[in-house]
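Chain by chain, the residues run as shown.
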Amino acid sequence: MIRRRPLNLQHPLLLLFILLYLPNFIWALVSLGSGNGGGVADAALSSLVVTMPVFAAVGILFWLLPRRIALGTALVAALPLSLLATIGIGHYLIYGHGITPSTFYITLSSSFSEAANYAQMYLGWRLLLAAAIFWAVQGGLACGLVRLLPAGRAVGAKGAACFAVTGLVAVQFYPVVPQRHKMLDESLAAYKLYAFDEAKLHVMRARNRVAPGTIKATREMRYDGPETYVLVIGESAARSHMGLYGYFRDTTPRLSAMRDQLVLYTDVAASDFCTYLSLRKMLTFANHEDMSPLYDSNLMHIMKAAGFHTYWITNQKSHGSGDIWPKYFSDAADDRFYLNTGELSDPLDEVLLPPFRQVLAQGEQKKFIVVHMMGSHLHASNRYSAAFRQYTSLNDRRAYFAQRAPATKTYINHYDNSIRYTDWVLSTLISGLSGRPGQKMLLFLSDHSDQLGEQDDFVGRSYRVNHFQFDIPFFVWASPEYKASRPELYARIQHYKGRSYQADDLIHSFLELADVRAPSFDTTRSVFSDRFREKKRYMEIPLESKINLLPVVQTH
């Protein structure tokens, strides 16, 4: 009778396998976002295929190398996998789905202060407890491996050959594993894309100085007096939380007081769900249907080619690591004001006002000004001064507010206070602009919105998008001189304010407001045009069709 040897759960190679397998399994499981049996089985199988080549390679090293070096290699191999799995656990607990390549890209594009704001917002006991449990298990496996690994070589020649065969077989199945189960592949792909964008945009920024001479732009009409066109880009402003749009709190008293001077568009969706993805579509001819013009001319280039002196005034990070797209667009301006130069904190948006007044007072006849706000960016408690601390009560019984947890209510209060502060900044910008001579026009929209407890206690944004994360304010203010010189255009601006529109076509709409034309201008994409054609908006695309897509970048 053949007696089977029991499985030795303390065998060092088994501990090594679990040490490498567990992070991959967790990553695959949270990527699936499912706890059902099929999801667990899928995660287990795909993680086995992903782990085996790494396990085989480390196993061969246990034959080739002395114990200390081989052991160090094994622990080094497990460390990045464990770190990524920890991030994956936290991401799943916050957002309800796994990390995507775009998440890595956005992380690389973020500043230290932005990371600190997200930590302030989301770091809680659930995340810390889950991370502590995971690292306790990994630490126990590592200690067991160190203790049980024999002094000599842990693997003989036959064992190394078996490892080699096993690794080669596993590699054959590797291509069939879903891409979002391959944590290292995803992170490396995102890094390569970021590095490509960084290098490409570095070249484009150097070309900014000479590009305007090669860009063609014409004016539809000639106006001899002063002209000032202002594009104000807000941050995380939710249309549903503005009193101007019917919110139950009066968060926009100043803008509401001048409502008869504003043309409010009521069905505008952000071009994307985060700042860098939104900006690169808003300010170029790239859009969700066609990203190929991404590295062609942008709005700053075209307005400059049309004879305008261009300005970029920003309270967002545009220096240091990350933030490559704001750097690119701002670098194309004739004059730039970078007001947010700290690493760990952000100034309030009132810092935008002095340079705006300075620019208005300068002598250029034709001006195009971009003002980029910090707005209501996470964490909203950092986005307003004490004078605007209007909402503090947790006992408001109106709308969905009463159903939310105290922490969610507290954040909504901070957020609404930040909108009230933004209302003051915007009204001050408009008042300053209205006092200047000549034709003036200001368009305000937000880069994206935020989810603010409408469905549950989640606040922020994720790939499980809903319209709350995309519904943004969009309004036009125009001076009497502008209206008088363009009566037909202004009539269209007023008439079409109920259109369904997405801001990835902003460049076409803004060029129409400024009577500027460029070769890629398309009237069917301008919300102010009689020829405008509505389209399916990105927020209406099913999650599964976009959750695993890297940002599309053309390499021409």
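Residues numbered from 1 in each chain as written. Predicted model: local features only at pLDDT ≥ 70, side-chain atom pairs only at ≥ 80, totals over all residues. Heavy atoms only, no water.

> What's the story with the packing of helix α10 (residues 275–282) against helix α12 (residues 324–331) in this structure? I'm lost.
The axes of two packed helices give the description: the angle between them and the distance between them. At a minimum axis separation of 9 Å, α10 and α12 run at an interaxial angle of 30 degrees. Where α10 crosses over α12, the two elements pack in a sense that is left-handed. Seen from α10, the contacting residues are Tyr-276, Leu-279 and Arg-280; seen from α12, they are Trp-325, Pro-326 and Phe-329. (Axes fitted to C-alpha atoms, helices over the stretch in contact; angles between N-to-C directions. Helix = DSSP H or I, 4+ residues; strand = E, 2+ residues; numbered from the N terminus. Left-handed = near helix turned anticlockwise from the far one by under 90°. Contact = heavy atoms within 4.5 Å.)

> Help me out: how do you make sense of the confidence of the model for the chain in this one?
Close reading of the predicted structure is inappropriate where its pLDDT is low. Confidence along the chain averages 83 in pLDDT terms, with 84% of residues attaining 70 or more. Across residues 34–38, where pLDDT falls below 50, the model places 3 contacts with residues more than four positions away in sequence or in other chains. (pLDDT = per-residue confidence, 0-100.)

> Quick question: what am I supposed to make of the environment of Gln-403 here?
Along the chain, Gln-403 turns up in the loop between β7 (366–372) and α14 (406–434). Sequence spacing of Gln-403 and Glu-454 is 51 residues, and the spatial spacing of their C-alpha atoms is 9.7 Å.

> Would you mind showing me how to read the nonpolar core here?
Burial of nonpolar side chains together is a common tendency in soluble globular proteins. In this structure, Leu-231, Trp-325, Phe-368, Leu-443 and Ile-493 are the most contacted members of the largest nonpolar core, which totals 70 residues. The dominant element in this core, judged by the number of residues it contributes, is helix α17 (residues 506–513), at 5 residues. Those residues in contact with Trp-325 that lie beyond four places of it in its chain are Tyr-105, Asp-197, Leu-201, Tyr-276, Arg-280, Leu-294 and Tyr-295. Leu-255, Tyr-411, Tyr-415 and Leu-452 belong to the second largest nonpolar core, which has 51 residues in total. (Core = buried A, V, L, I, M, F, W, Y, C linked by side-chain atoms within 4.5 Å. Buried < 20%, exposed > 50% of the residue type's maximum accessible area, 1.4 Å probe, protein only.)

> Looking at this structure, I do not really get the packing of helix α3 (residues 67–95) against helix α6 (residues 125–148). What am I missing?
Across the interface, α3 lies against α6 with an axial gap of 10 Å and an inter-helix angle of 165 degrees. As the angle between them shows, α3 and α6 are arranged roughly antiparallel. In terms of crossing hand, the pair formed by α3 and α6 is right-handed. Residue classes in the contact of α3 with α6 are distributed as 17 nonpolar, 4 polar and 2 charged. (Parallel < 35°, antiparallel > 145°, perpendicular 65-115°, else oblique. Nonpolar A, V, L, I, M, F, W, Y, C, P; charged D, E, K, R; others polar.)

> Would you take a moment to explain the sheet that holds strand β8 (residues 439–446) for this structure?
What holds strands together in a sheet is hydrogen bonding between their backbones, with the strands either parallel or antiparallel. Strand order across the open sheet formed by 7 strands is β3-β11-β8-β2-β7-β5-β6, with mixed pairing between neighbours. Each having just a single partner strand, β3 (262–265) and β6 (335–338) make up the two edges of the open sheet. Across this sheet, the average inter-strand angle for adjacent strands is 10 degrees, counted without regard to direction. Lying on the sheet, α14 is in contact with β2 (227–234), β3, β7, β8 and β11 (474–478); it crosses β8 at an angle near 165 degrees. (Pairing = 2+ DSSP bridges.)

> It is not clear to me how the packing of aromatic side chains should be interpreted in this structure. Could you clarify?
One pass over the full model with this rule turns up 21 aromatic pairs. Taking 6.4 Å as the distance between ring centres and 40 degrees as the angle between the ring planes, the aromatic pair formed by Phe-474 and Phe-528 counts as tilted. Taken together, the residues Phe-474 in strand β11 and Phe-528 in the segment after β13 (516–517) connect sequence positions 54 residues apart. As far as the burial class goes, Phe-474 and Phe-528 line up, both buried. Aromatic rings pair up to connect Tyr-265, Phe-474, Tyr-501, Phe-528 and Phe-532 into one cluster. (Phe/Tyr/Trp six-rings, centres within 6.5 Å; stacked < 30°, edge-to-face > 60°.)

> When you look at a nonpolar patch on the surface in this model, what are you seeing that I'm missing?
On the surface, a nonpolar cluster with roughly 440 Å² of combined accessible area is contributed by Trp-125, Leu-129, Ile-133 and Val-137. On the secondary structure map, Leu-129 appears in helix α6. (Patch = residues over 30% accessible without salt bridge, like charges linked within 9 Å, V, L, I, M, F, W, Y side chains within 5 Å. Areas by Shrake-Rupley, 256 points an atom, 1.4 Å probe, with all protein chains shown as cover. Salt bridge = Lys/Arg side-chain N within 4 Å of Asp/Glu carboxyl O.)

> What is the right way to look at unusual backbone geometry in this model?
A negative phi angle characterises most non-glycine residues, just as the trans form characterises most peptide bonds. Between Leu-378 and His-379 the backbone carries a cis peptide bond, its omega angle lying at -5 degrees. One non-glycine residue with positive phi stands out, namely Ser-236, at about 60 degrees. Mapped onto the fold, Ser-236 is located in the loop between β2 and α9 (253–257). The residue Asp-515 is not glycine, and still its phi comes out positive at about 55 degrees. Topologically, Asp-515 is positioned in the loop between α17 and β13. Here Asp-515 falls in the buried class, since its relative accessible area comes to 8%.

> How should I be thinking about the environment of Phe-134 in this particular structure?
Relative to the assigned elements, Phe-134 resides in helix α6. A sequence separation of 48 residues divides Phe-134 from Thr-86, and the C-alpha atoms of the two residues are 7.5 Å apart. In contact with Phe-134, other than residues within four places in its own chain, are Leu-22, Pro-23, Ile-26, Ser-82, Ala-85, Thr-86 and Ile-89.

> Just checking my understanding: could you explain the layout of surface pockets for this structure?
Empty pockets left among the atoms are what a rolling probe the size of a water molecule brings to light. In this model, the second largest pocket occupies a volume close to 460 Å³. If you go around the second largest pocket, you meet 20 residues; those closest to its centre are Met-121, Tyr-122, Arg-126, Ala-407 and Asp-457. Only α3, α5 (112–122), α6 and α14 provide two or more residues apiece to the lining of the second largest pocket. Top element by residues in the lining of the second largest pocket is α14. It accounts for 5 residues. Split by residue class, the lining of the second largest pocket holds 12 nonpolar, 6 polar and 2 charged. (1 Å grid on protein atoms, 1.4 Å probe; cavity = no way out; pocket = protein on both sides within 12 Å on 5 of 7 lines; lining within 4 Å. Points joined across faces, edges and corners; volume = space filled by probe spheres on them.)

> For this particular structure, what's the right way to read the pattern of salt bridges?
When the charged atoms of two side chains lie near each other, side chains of opposite charge can form a pair. Applying the stated criterion across every chain yields a total of 21 salt bridges. Notably, a salt bridge pairs Arg-239 with Asp-471, separated by 3.6 Å at the nearest N-O pair. Here Arg-239 is found in the loop between β2 and α9, whereas its partner Asp-471 is found in the loop between β10 (459–460) and β11, with 232 residues between them in sequence. Like Asp-471, Arg-239 is buried. Connected via shared salt-bridge partners are Arg-219, Glu-227, Lys-366, Arg-486 and Asp-515.

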